[in-house]
Amino acid sequence: MKFAEQLAREAFPPWRTHYIKYGLLKAELKNRQADHEWNEEDEKYFTRMLEQELDNVYNTVVIKLEDINSRIKYCDATIQTLKNSQSWSSDESWESTETILTETLFDLNDLAKFIRLNYTGFRKIIKKHDRWATIKLANGFVPQLRDKPLDTQQLDVPIVYISNLKDICNRRGKPHAGNAAAGGDQLNFERATSKYWIHPDNINEVKSIIMMHLPVLIFDSEKKFEPDDSAISSIYFDSPEFDLYTDRLQRDDNGEAIRFRWYGPTSSKSVFVERKTHHASWLNGKSIKDRFRLDTDDVQRFVKGELTAETIVRRLEAKGDMDKVTLDNIYFIAEGIQESIKNKNLAPVCRVFYNRTAFQIPGDQRVRISLDTNLTFIREDNLDGMQRRGQDEWRRSDIGINYPFNGIPKSDIAEFPHGVLETKLQTHLNQQPPEWLTKLLESHLVHEVTRFSKYLHGVAYLFPESIPLVPWWLAELEQDIRKPRSTNFGLSRSPSFRPMINGEYGIAWEAEQNRMKATSSMINNHLSQRVTNSLGEQVNMVGLKNNEKPSNDTLKVPTDTNSNPIQNAHNPGVDLVSPPATLHSVLQEEVTFPQQTSYAGAVFIGIAVCVCFYALYRFEKRAWMLNNNVKGRYDDMIGPAVLCVFLVGALVVNLYLRFTTPKKT
């Protein structure tokens, strides 16, 4: 599909004027070469056009993100008020706040698509420029894109905050029974894991859907969440012949994957030493992942065998916070990993980096979901003679977590084009996937890839000449994994751009719609009854006199053509050319009513203008309080009361004008 068609189909209509003008840029690029060869002046003009488009797009992102952050702060302040004041806490208040968060989540999803689509547009137009023009722009425009980045990673922080606040609303402010950090030092895991690829266009929508049911897992709730907190880096060890790779690919019994993993920046003081074993012989053929924690400064000594398993256990035993069973397990794991490193001649070969968003109820290990993005594979070996790390280093020191790692040679790095979704269920608890998760996994948003392995994929791409076998899923990368929407599942918007979940409005929207329909129906019935009664009275007043019974001759017109003016045969004093006196008075009311409403309308407009200025003042004051962390009341005790007084006064004026306006007869 051509990008211009994709842009026309996927652009969010309310923001349409803020998207990259791809068609205009393409036409300018083509027309300037129609009668002459591309020159420096053309290049400068086209670059200025690109910079203007980038300014427009980036400013839109900044403004929308500021609006989203402001709403998050408002909801946070509201939730704190609800938690601290029982008199304000009610189901309606919690649901109202959650509705605001859901709408904010929809806007965040729209913003992610906006960023993604515009980034694709800039990338494509620059490629088209370099293919058509004689001057290359791909590298020359990099500084502008760095200064005004179009990446969705900046949306991770508001996503985490929205998830946390929604979870508090769901619990009505009550604390979780479990601990979010529980399981961090768990030694072994027995889970049924399934893996799926998520196209970049669908990543934020999948995140949002999961957040409706599971909160984002934050291990340290006392620390303010930062983008670096989602970074995960792992150094995988293997032999020069890639024996561990081959064993894992062929799923041999006791096949191992050994890695050293840390969370966050490279300055992290802790490293997890992990081993995955397929069909472990000591567990009667079960597959398992086991691990233990080491100080970062001790990793190299452990790899070289200088820090033994016995020494590690003795240190932990001296701290006195672990039982004998746990210490025995750590000894077994550490000794086994050191034996594999020595006997199989293992060394660092590949680094795997990604940003992870984990979803789980704190303290509840039964259902855990993770979504990994920015997946990148980096060479850590010295097999080709290049000195990527020192002999006494277990990882290279020239990189950190600065995705997309622009300073690394292209031959040392490979990027994965999709996100990776993992679902993990604790099978020993007979845990079944919830219904919402089953619908997600069967939807158009995910693409299942059985037994996908990050390590196997990285080695296959970084060392193609050193391995005889490759994973089956490499061919899948050549396909477009996006699928047409076959059901209403997912996030969408109505023709009026209201948020819809699985093709339906949320509970709050439905309640509001039902309330408005009921109110409208009641008003219509009331007005209809009044009109019917009024018309009935007028007909009776015209046709009946002194309670006489109506007859077919009551309103007959005489056939005497000499009568001038024509008159009613039964009531010669009534002129049928003009309406009867009672009906005339009704019509006169209709004439004077617009005059009355114009006066009343002027009063209401005046009140509306005052309310608008007052609302703006309150908004700016609340925003200032939020931005400066000012403690105080965020509600308004005076405004609503004054507004009610004004409205009552306007109604009194309206009634006064209605009953005091003279009526012509």
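- An unreviewed UniProt entry lists the chain under the name VTC domain-containing protein, from Phycomyces blakesleeanus.
- According to the UniProt record, the Subcellular location (unreviewed entry) comment for the chain reads "Vacuole membrane".

**Quick notes on the UniProt feature "transmembrane region" (unreviewed entry) in the chain**
No. 1: Feature annotation in UniProt assigns "transmembrane region" (unreviewed entry) to the following positions: residues 599-617 and 638-657.
No. 2: A helix fraction of 95% and a strand fraction of 0% characterise residues 638-657, whose end C-alpha atoms lie 29 Å from each other.

**Description of the confidence of the model for the chain**
No. 1: Per-residue confidence for the chain gives a mean pLDDT of 81; residues scoring 70 or more make up 80%.
No. 2: Helix α14 (residues 507-543) is the least confidently modelled element of the chain, averaging 50 in pLDDT, while strand β3 (residues 231-238) averages 96, the highest of any element.
No. 3: Counting contacts from residues 537-565, a segment whose pLDDT is below 50, to residues more than four positions away or on other chains yields 20 contacts.
No. 4: A low-confidence stretch, residues 567-593 (pLDDT under 50), is modelled with 28 contacts involving residues beyond four sequence positions or located in other chains.

**A word on the packing of helix α6 (residues 156-170) against helix α7 (residues 203-211)**
How two helices sit against one another is set out by the angle between their axes and by the gap between those axes.
No. 1: Closest axis-to-axis distance for the α6/α7 pair is 10 Å, and the angle between their directions is 15 degrees. In this view, α6 runs roughly parallel relative to α7, as classed from their interaxial angle. By crossing handedness, the relation of α6 to α7 is classed as right-handed. Of the residues in α7, those touching α6 at D156, I159, I162, S163 and K166 are N204, K207 and M211.
No. 2: Split into classes, the residues belonging to the contact of α6 with α7 amount to three nonpolar, two polar and three charged.

**Focus on the pairing of strand β2 (residues 192-198)**
In regular strands, side chains alternate between the two faces of the sheet.
No. 1: Two strands pair when backbone bridges link them, and β2 and strand β10 (residues 419-425) are joined in this way by seven bridges, in the antiparallel orientation. What sits directly across from T193, in β10, is K424.
No. 2: Two elements, β2 and strand β11 (residues 447-448), share two bridges in a ladder whose sense is antiparallel. If you follow W197 over to β11, its bridge partner there is H447.

**Looking at the environment of L626**
No. 1: Tracing the backbone shows L626 in helix α15 (residues 581-627).
No. 2: Along the primary structure L626 and D76 are separated by 550 residues, whereas in three dimensions their C-alpha atoms are 9.6 Å apart.

**Looking at helix α11 (residues 324-343)**
An α-helix turns once every 3.6 residues. As a result, residues three or four positions apart point the same way.
No. 1: Between its terminal C-alpha atoms α11 stretches 28 Å, which fits the 28 Å expected from 20 residues at 1.5 Å a residue.
No. 2: Considered for burial, the residues of α11 that qualify are L327, I330, I333, A334, G336, I337, Q338, S340 and I341.
No. 3: Among the structural elements, β4 (255-263), β5 (270-280), β6 (286-295), α9 (299-304) and α10 (309-319) are those in contact with the buried residues of α11.
No. 4: Capping the start of α11, D323 holds a side-chain oxygen 3.4 Å from the backbone nitrogen of V325, two or three residues further along.
No. 5: Downstream of α11 by one or two residues, N345 has phi in the positive range, about 55 degrees.

**Observations concerning the state of the cysteines**
A covalent bond between the sulfur atoms of two cysteines is referred to as a disulfide.
No. 1: Following the criterion strictly, the structure yields zero disulfides and no others.
No. 2: As a non-bridged cysteine, C169 has C75 as the owner of its nearest cysteine sulfur, 7.2 Å distant.
No. 3: Take C169: its relative accessible area is 0%, and that puts it in the buried class.

**Side note on the nonpolar core**
No. 1: Among the nonpolar cores identified, the biggest contains 70 residues, and L50, L111, I210 and L440 are the most heavily contacted of them.
No. 2: Broken down by element, the residue count for this core peaks at 13 residues, all from helix α4 (residues 91-132).

**Points about α7**
No. 1: Taking burial as the measure, the nine residues of α7 include nine buried ones, the bulk of the element.
No. 2: Three or more residues of α7 are buried, namely I203, N204, E205, V206, K207, S208, I209, I210 and M211.

**Structural notes on the side chain of D107**
No. 1: Position of D107 among the secondary structure elements: in helix α4.
No. 2: One polar contact links D107 to R493, side chain to side chain, over a distance of 2.8 Å.

**Quick notes on the packing of aromatic side chains**
No. 1: Under the defined criterion, the tally for this structure stands at 22 aromatic pairs.
No. 2: Seen from their ring centres, F452 and W473 are 5.1 Å apart, and the 65 degrees between their planes marks the pair as edge-to-face. Taken as a pair, F452 in the loop between β11 and α13 (454-462) and W473 in the loop between α13 and β12 (491-493) lie far apart in primary sequence, 21 residues in all.
No. 3: Look at F452 and you get buried, because its relative accessible area is 2%.

**A closer look at the pattern of salt bridges**
Side chains carrying opposite charge are able to pair once their charged atoms draw close together.
No. 1: Considering all chains together, one arrives at 44 salt bridges under this definition.
No. 2: Residues E98 and K166 are paired through a salt bridge, measuring 3.6 Å at the closest nitrogen-oxygen approach. With a gap of 68 residues between them, E98 in helix α4 and K166 in helix α6 connect regions that are remote in the sequence. Considered together, E98 and K166 belong to a single accessibility category, that of buried residues.
No. 3: For the salt bridge of R379 with D384, the shortest nitrogen-to-oxygen distance reads 3.6 Å.
No. 4: Residue class for R379 comes out buried when judged on its relative accessible area of 11%.
No. 5: Look at D384 and you get partly exposed, because its relative accessible area is 40%.

About the thresholds
Along each chain, numbering runs from 1 in the same order as the chain's sequence is written. With pLDDT at 70 or above as the cut-off, local features in this predicted model cover only qualifying residues; side-chain atom pairs require 80 or more to be listed or tallied, and sums for whole chains, interfaces and linings still use all residues. Heavy atoms throughout the structure, all of them, feed into the side-chain values; hydrogens and water do not. UniProt positions are given in the numbering used here, feature names are shortened, and annotations may be inferred rather than shown by experiment. Working definition: helices are DSSP H or I runs of at least four residues, strands are E runs of at least two. Numbering for both runs from the N terminus. By definition, pLDDT measures how confident the predictor is in each residue, and it falls between 0 and 100. In this analysis, two residues are considered to be in contact whenever any of their non-hydrogen atoms come within 4.5 Å of each other. To get an axis, a line is fitted to the C-alpha atoms, and for a helix only the part in contact is used. The angle between two axes follows their N-to-C directions and goes from 0 to 180 degrees. To sort the angles, those under 35 degrees are grouped as roughly parallel, those over 145 as roughly antiparallel, those from 65 to 115 as roughly perpendicular, and the leftovers as oblique. Crossings are classed by handedness, with left-handed meaning an anticlockwise turn of the near helix from the far one by less than a right angle and right-handed meaning a clockwise turn. Each residue is assigned to one of three groups, with Ala, Val, Leu, Ile, Met, Phe, Trp, Tyr, Cys and Pro labelled nonpolar, Asp, Glu, Lys and Arg labelled charged, and all others, Gly among them, labelled polar. By the convention used here, strands pair only if DSSP detects at least 2 bridges between them. Helix span, as expected, comes to 1.5 Å for every residue beyond the first. Buried means the residue's accessible area, taken with a 1.4 Å probe over protein chains only, is under 20% of the maximum for its type, while exposed means over 50%, and partly exposed covers the values in between. Distance and chemistry together define a polar contact, namely a pair of N or O atoms within 3.5 Å, with one atom able to donate a hydrogen and the other to accept it when in protein, and with adjacent residues in sequence counting only for side-chain atoms on both sides. When the sulfur atoms of two cysteines come within 2.5 Å, that pair is taken as a disulfide. The term nonpolar core refers to a set of buried residues drawn from Ala, Val, Leu, Ile, Met, Phe, Trp, Tyr and Cys, joined through side-chain atoms within 4.5 Å. For Phe, Tyr and Trp, where Trp contributes only its six-membered ring, two rings pair if their centres lie within 6.5 Å, and the inter-plane angle classes them as stacked under 30 degrees, edge-to-face over 60, or tilted in between. The rule for a salt bridge is simple: a side-chain nitrogen of Lys or Arg has to be within 4 Å of a carboxyl oxygen of Asp or Glu.

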